[in-house]
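Take a look at the letters that make up each chain.
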Amino acid sequence: MPGPESGARCTTPSRNCVRPFLPGDGAADGDVPSVQPKADDVSLKLRLKGEEKKEYSFSFDRVFKPEITQEEVFSEVSEFVQSALDGYNVCLFSYGQTGSGKTHTMQGSGLGDMRGIIPGAIERVGEYKAELEAQGWKYEMRVSFLEIYNETIRDLLRDEEIGEKKHEIKVNPDGSRLVTDLSIVPLEPTDKQAVEDVMNKAAKYRTVKSTNMNDVSSRSHGVFTLHLTAPFMPRATKSSRVCSTCAIWPAVSV
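Structural notes on helix H5 (residues 192-205)
Thought 1: An ideal rise of 1.5 Å per residue puts 20 Å on 14 residues; H5 measures up with 21 Å between its terminal C-alpha atoms.
Thought 2: Looking at the buried positions of H5, the neighbouring elements they touch are helix H4 (117-133), strand S7 (140-149), strand S8 (152-155) and strand S14 (221-232).
Thought 3: Between the side-chain oxygen at the start of H5 and the backbone nitrogen of glutamine 193 there is a gap of 3.3 Å, and the oxygen is on aspartate 191.

Considerations on the pattern of salt bridges
Thought 1: Under the defined criterion, the tally for this structure stands at 14 salt bridges.
Thought 2: Of the charged contacts in the structure, one is a salt bridge between glutamate 123 and lysine 192, with a shortest N-O distance of 4.0 Å. With a gap of 69 residues between them, glutamate 123 in helix H4 and lysine 192 in helix H5 connect regions that are remote in the sequence.
Thought 3: Two residues, aspartate 159 and lysine 201, come together in a salt bridge whose shortest N-O distance is 3.7 Å. Of the two residues, aspartate 159 is situated in the loop between S8 and strand S9 (169-171) and lysine 201 in helix H5; the sequence distance between them amounts to 42 residues.
Thought 4: The exposure class of aspartate 159 is partly exposed, given its relative accessible area of 36%.
Thought 5: A relative accessible area of 27% places lysine 201 in the partly exposed class.

Section: the environment of lysine 170
Thought 1: Mapped onto the fold, lysine 170 is located in strand S9.
Thought 2: Residues lysine 170 and threonine 180 lie ten residues apart in sequence; the distance between their C-alpha atoms is 7.1 Å.
Thought 3: Ignoring sequence-local partners within four residues, the contact set of lysine 170 consists of Ser176, Arg177, Leu178 and Thr180.
Thought 4: Of the polar contacts made by the side chain of lysine 170, one reaches the side chain of glutamate 168; its length is 3.4 Å.

Description of the confidence of the model for the chain
Thought 1: Across the chain, the average pLDDT comes to 80, with 81% of residues at or above 70.
Thought 2: Averaged pLDDT values for the elements of the chain fall to 54 in strand S13 (residues 217-218) and rise to 94 in strand S11 (residues 185-186).

Considering the packing of aromatic side chains
Centre distance and the angle of the planes are the two values used to describe a pair of aromatic rings.
Thought 1: Following the criterion strictly, the structure yields two aromatic pairs and no others.
Thought 2: Both rings, one in phenylalanine 93 and one in tyrosine 95, keep their centres 6.4 Å apart while their planes meet at 20°; by these two values the pair is stacked. Accessibility classification places phenylalanine 93 together with tyrosine 95 in one group, the exposed group.
Thought 3: Over the ring of tyrosine 205 we find arginine 158; its NZ or CZ atom is 3.8 Å from the centre of that ring.

Description of the packing of H4 against H5
Thought 1: Their axes nearest at 11 Å, the elements H4 and H5 cross at an angle of 150°. With respect to H5, the axis of H4 lies roughly antiparallel. Classified by chirality, the crossing of H5 by H4 is right-handed. Two secondary-structure elements touch here, H4 through Ile118, Pro119, Ile122 and Glu123 and H5 through Lys192, Val195 and Met199.
Thought 2: When grouped by side-chain class, the residues that make up the contact of H4 with H5 number five nonpolar, no polar and two charged.

Here's the deal with the packing of helix H1 (residues 70-77) against H4
Thought 1: With their axes 10 Å apart at the nearest point, H1 and H4 run at an angle of 60° to one another. It follows from the interaxial angle that H1 and H4 lie oblique. In the packing of H1 onto H4, the handedness of the crossing is right-handed. Touching Val73, Phe74 and Val77 of H1 are Ile117, Gly120, Ala121 and Arg124, all from H4.
Thought 2: Among the residues forming the contact of H1 with H4, the class breakdown is five nonpolar, one polar and one charged.

Cut-off values and rules
Residues numbered from 1 in each chain as written. Predicted model: local features only at pLDDT ≥ 70, side-chain atom pairs only at ≥ 80, totals over all residues. Heavy atoms only, no water. Helix = DSSP H or I, 4+ residues; strand = E, 2+ residues; numbered from the N terminus. Expected span 1.5 Å × (residues − 1). Contact = heavy atoms within 4.5 Å. Polar contact = N/O pair within 3.5 Å; in protein donor to acceptor, adjacent residues only side chain to side chain. Salt bridge = Lys/Arg side-chain N within 4 Å of Asp/Glu carboxyl O. Buried < 20%, exposed > 50% of the residue type's maximum accessible area, 1.4 Å probe, protein only. pLDDT = per-residue confidence, 0-100. Phe/Tyr/Trp six-rings, centres within 6.5 Å; stacked < 30°, edge-to-face > 60°. Lys NZ or Arg CZ within 6 Å of the ring centre and 35° of its normal. Axes fitted to C-alpha atoms, helices over the stretch in contact; angles between N-to-C directions. Parallel < 35°, antiparallel > 145°, perpendicular 65-115°, else oblique. Left-handed = near helix turned anticlockwise from the far one by under 90°. Nonpolar A, V, L, I, M, F, W, Y, C, P; charged D, E, K, R; others polar.

This is how it looks when you write it as structure tokens:
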């Protein structure tokens, strides 16, 4: 991720979330999952059916146990919000099989403890906004939300009466990329209901289908982008920060 004028900063930390058994999984009392976190919180072990005596180990920067809360997951990755506020472009990529909890982790539900990383990130921007604006920064935030389904880009924040348009990825002369005719809507990060309305609107247009793992499984790659523009305007000085925070979670069927 390219940084501001002070120089580039690039990190690729990896976290793993182990989803607990759900009522629809058909797990019996005493069943042990194939994937189990180890006590060190940075590795997990995998045992395949028929190979119970053989153990495969994997290491990450952090492994979340099944009982972890949404808030704890967000706290672990919240530093990417600060990086965006500092002027860096940030991307959070969520990957996993169907039914593993990608959409739940990223979007969550409601305004309480079950909300996901995206609404949590927006709220965190709102918390920093007042503090930074007191120092002379003027933050403006806009958001876009799209899905890629069957090689087609679909705008999830489009106006219902307008209908779907054909979208293409274009490269600007400066090397930046954009999606044509994509809705980019202003959003006040301190307005929790407005944030929830954006999430609900995107969910309404998202392509879903029932699978053996999930009754409403997302059938597409979702890309949510938070666009931050922050001119710095004290009395005699003008500079600006322009950055984006991108959250991606692909649909992976197994």
